[in-house]
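Residue-level structure breakdown
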Amino acid sequence: MHRHWRRQGEWVEFTPGRSVIESEQAMSAWLTDTLRMPQKMLRLMLQREEIRAAGDRLRLKIFTPDTDSLEAADAPADVLYEDDACLVAFKPAGMPVHATTPEQDRQKNSLAHAVACHYAWTGQEVRVRHIHRLDVDTSGSVLYAKQAFTHAVLDEAMRRKEIQRHYAAIVQGQPNPKRGVIDAPIGKDRHHPSRRRVSPSGDHAITHYEVVESGPQLSLVRLSLETGRTHQIRVHMSYKGHPLLGDTLYGGDDSGFPRQALHGESLRFLHPLSGEWVQVDAPWPEDMSRLRQKI
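What comes next concerns the included structure. As a convention, each chain's residues are numbered from 1 in the sequence order in which they are written. Two thresholds apply to this predicted model, a pLDDT of at least 70 for residue-level local features and 80 or more for giving and counting side-chain atom pairs, whereas whole-chain, interface and lining totals are computed over all residues. Computation of side-chain values covers all heavy atoms of the structure but excludes hydrogens and water.

1. A few points about the overall build of the chain
The cut-off we apply is this: To qualify as a helix, a DSSP run of H or I must reach at least 4 residues; to qualify as a strand, a run of E must reach at least 2; elements of each kind are numbered from the N terminus. Throughout, the Shrake-Rupley method with a 1.4 Å probe supplies accessible areas, and for residues the shown protein chains are the sole cover considered. The positive count covers Lys and Arg only, the negative count covers Asp and Glu only, and His and the chain ends enter neither. One atom stands in for each charge, and that atom is NZ of Lys, CZ of Arg, CG of Asp or CD of Glu.
Counting secondary structure elements, the chain contains eight helices and 16 strands. The C-alpha extent of the chain, read off along each of the three principal axes, is 65 × 40 × 35 Å. Carbon and sulfur atoms make up 45% of the accessible area of the chain, which totals about 14800 Å². Separation of charge centres in the chain, based on 39 positive and 38 negative side chains, amounts to 4 Å.

Take a look at the structure:
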């Protein structure tokens, strides 16, 4: 359902109708049910007088300047989509979404540092808030929220499995059947700290796949996730007997490709302010495009 909104300085303005604005109970219900504002945030914003009604308009103070201590990289992120509420950035293979060691932080080579650079170069006082992650050696798009409010809304959408992520992978062999669902729980591998495995005691995990192209040795598979377990696609395709090319951690051959052949092809989400679907497609990286020609 489309909601018209516009930014007025630090405020966002909606026109939900007089029936919503004239009743405090109806207004609170609209904010929590339609906008999906968390109850705790609603109480806090009311205390701070950051929610105001004016005529047939409802205003929320969400665009307050907010930065963090994250240093900006030397070059900005490749931005695929951006507005006042959120941003989608392209993550190249080999770059972590955020630094996990002091050395990575010093080198400022994560996507978070590159997004911080983009904000700095464009004069935006915005904190870097990622909504989901990609493995270091997976390329694709990553969604960011720009405010505490939009972060809370998108986080909840992620929890409800309403953010749709579609991937392309080049796997070994020819999966059969060509279309299917892999429903197999994933847990930690007690013999290898960084590896996951299918395990009856693991977390619920569902992957949908479809073979798009097949050759004698390789196949192009498109996949979507119902759940977001660590290494889910890599574990499930290996479990099915068709590991990703280059994915040595899960039985893949690295002789023809130096990383797992996995790309986050598209991202689809409900905009946290308008409620409209937004789809962002990430262009294939050169190494995956060259590999596809060998199928």
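2. Quick look at helix α5 (residues 111-121)
Because each turn of an α-helix spans 3.6 residues, side chains separated by three or four positions in sequence point in the same direction. Where we set the bar: Note on exposure labels: buried denotes an accessible area under 20% of the residue type's maximum, exposed denotes more than 50%, and partly exposed covers the range between, all computed with a 1.4 Å probe on protein chains only. In this analysis, two residues are considered to be in contact whenever any of their non-hydrogen atoms come within 4.5 Å of each other. Nitrogen and oxygen atoms within 3.5 Å of one another constitute a polar contact, given that in protein one can donate a hydrogen and the other can accept it, and given that sequence-neighbouring residues count only through two side-chain atoms.
For α5, the buried fraction is high: nine of the 11 residues fall into the buried class. Among all positions of α5, only Leu111, Ala112, His113, Ala114, Val115, Ala116, Cys117, His118 and Tyr119 are buried. For α5, the elements touching its buried residues are β5 (78-82), β6 (86-91), α4 (102-107) and β8 (139-145). Measuring from the side-chain oxygen of the N-cap residue of α5 to the backbone nitrogen of Ala112 gives 3.3 Å; that N-cap residue is Ser110. Phi turns positive, to about 70 degrees, at Gly123, one or two residues after α5.

3. Focus: the sheet that holds strand β4 (residues 57-61)
The criterion, for reference: Any two strands between which DSSP finds at least two bridges are classified as paired. Note on geometry: axes are C-alpha line fits, over the in-contact stretch for helices, and angles between N-to-C directions span 0 to 180 degrees.
Strands sit in the order β1-β2-β4-β3 across an open sheet of four strands; the sheet is antiparallel. Strands with a single pairing partner mark the edges of an open sheet, and in this sheet they are β1 (5-8) and β3 (51-54). Between one strand axis and the next, the sheet turns through 25 degrees on average, direction left out of account. Alignment of strand β2 (residues 11-14) against β4, held across four bridges, turns out to be antiparallel.

4. Thoughts on the layout of surface pockets
Going by this rule: As defined here, a cavity is a set of points on a 1 Å grid over the protein atoms alone where a 1.4 Å probe fits but cannot get out. A pocket is an open set with protein on both sides within 12 Å along at least five of seven lines, and residues line them when an atom is within 4 Å of a point. Grid points are joined across faces, edges and corners, and a volume is the space filled by probe spheres set on the points. Residues are sorted three ways: Asp, Glu, Lys and Arg are charged, Ala, Val, Leu, Ile, Met, Phe, Trp, Tyr, Cys and Pro are nonpolar, and all the rest, Gly among them, are polar.
A volume near 890 Å³ is recorded for the largest pocket. Residue composition of the lining of the largest pocket, by class: 13 nonpolar, 12 polar and 10 charged. Reported here for the second largest pocket is a volume of approximately 460 Å³. Taken together, 23 residues form the lining of the second largest pocket, with Ile62, Phe63, Thr64, Gln147 and Ala148 sitting closest to its centre. Among the elements that line the lining of the second largest pocket, the one with the most residues is helix α3 (residues 39-47), at three residues.

5. A closer look at the pattern of salt bridges
Selection criterion: Between Lys or Arg on one side and Asp or Glu on the other, a salt bridge is scored when a side-chain nitrogen of the former is within 4 Å of a carboxyl oxygen of the latter.
In this structure the tally under the stated criterion is 21 salt bridges. Between Arg127 and Asp66 there is a salt bridge; the shortest N-O distance is 3.3 Å. You can see Arg127 sitting in the loop between α5 and β7 (129-130) and its partner Asp66 sitting in the loop between β4 and β5, a full 61 residues away along the chain. On the basis of relative accessibility, which here comes to 23%, the residue Asp66 falls in the partly exposed class. Among the charged side chains, a network of salt bridges with common partners joins Arg6, Glu13, Asp56, Arg57 and Arg59.

6. Observations concerning the environment of Gln104
When you line up the elements, Gln104 lands in helix α4. The sequence separation of Gln104 and Glu210 amounts to 106 residues, and the corresponding C-alpha distance is 36 Å. Within the structure, Gln104 has its side chain in polar contact with the backbone nitrogen of Thr100 (distance 2.8 Å).

7. Quick word on the environment of Ser201
Structurally, Ser201 is set in the loop between β12 (196-198) and β13 (206-214). With 13 residues separating them in the primary sequence, Ser201 and Lys188 have C-alpha atoms 9.6 Å apart.

8. What about the packing of aromatic side chains?
How we decide: Aromatic contacts are taken between Phe, Tyr and Trp rings whose centres are within 6.5 Å, Trp giving its six-membered ring; a plane angle under 30 degrees counts as stacked, one over 60 as edge-to-face, and the others as tilted.
If you walk through the whole model with that rule in mind, you get two aromatic pairs. When the ring of Phe14 is compared with that of Trp30, the centres are 5.5 Å apart and the planes differ by 65 degrees; the resulting orientation is edge-to-face. Of the two residues, Phe14 is situated in strand β2 and Trp30 in helix α2 (residues 24-34); the sequence distance between them amounts to 16 residues. A relative accessible area of 12% places Trp30 in the buried class. A centroid spacing of 6.4 Å and a plane angle of 80 degrees characterise the contact between Tyr81 and Phe269, whose relative ring orientation is edge-to-face.

9. Things to note about the side chain of Ser139
Along the polypeptide, Ser139 turns up in strand β8. Residue classification places Ser139 among the buried residues on the basis of a relative accessible area of 0%. One polar contact links Ser139 to His263, side chain to side chain, over a distance of 2.8 Å. The contact partners of Ser139, leaving out residues within four places of it in the chain, are Phe90, Lys91, Pro92, Ala93, Leu134, Arg259, Leu262, His263, Gly264 and Pro285.

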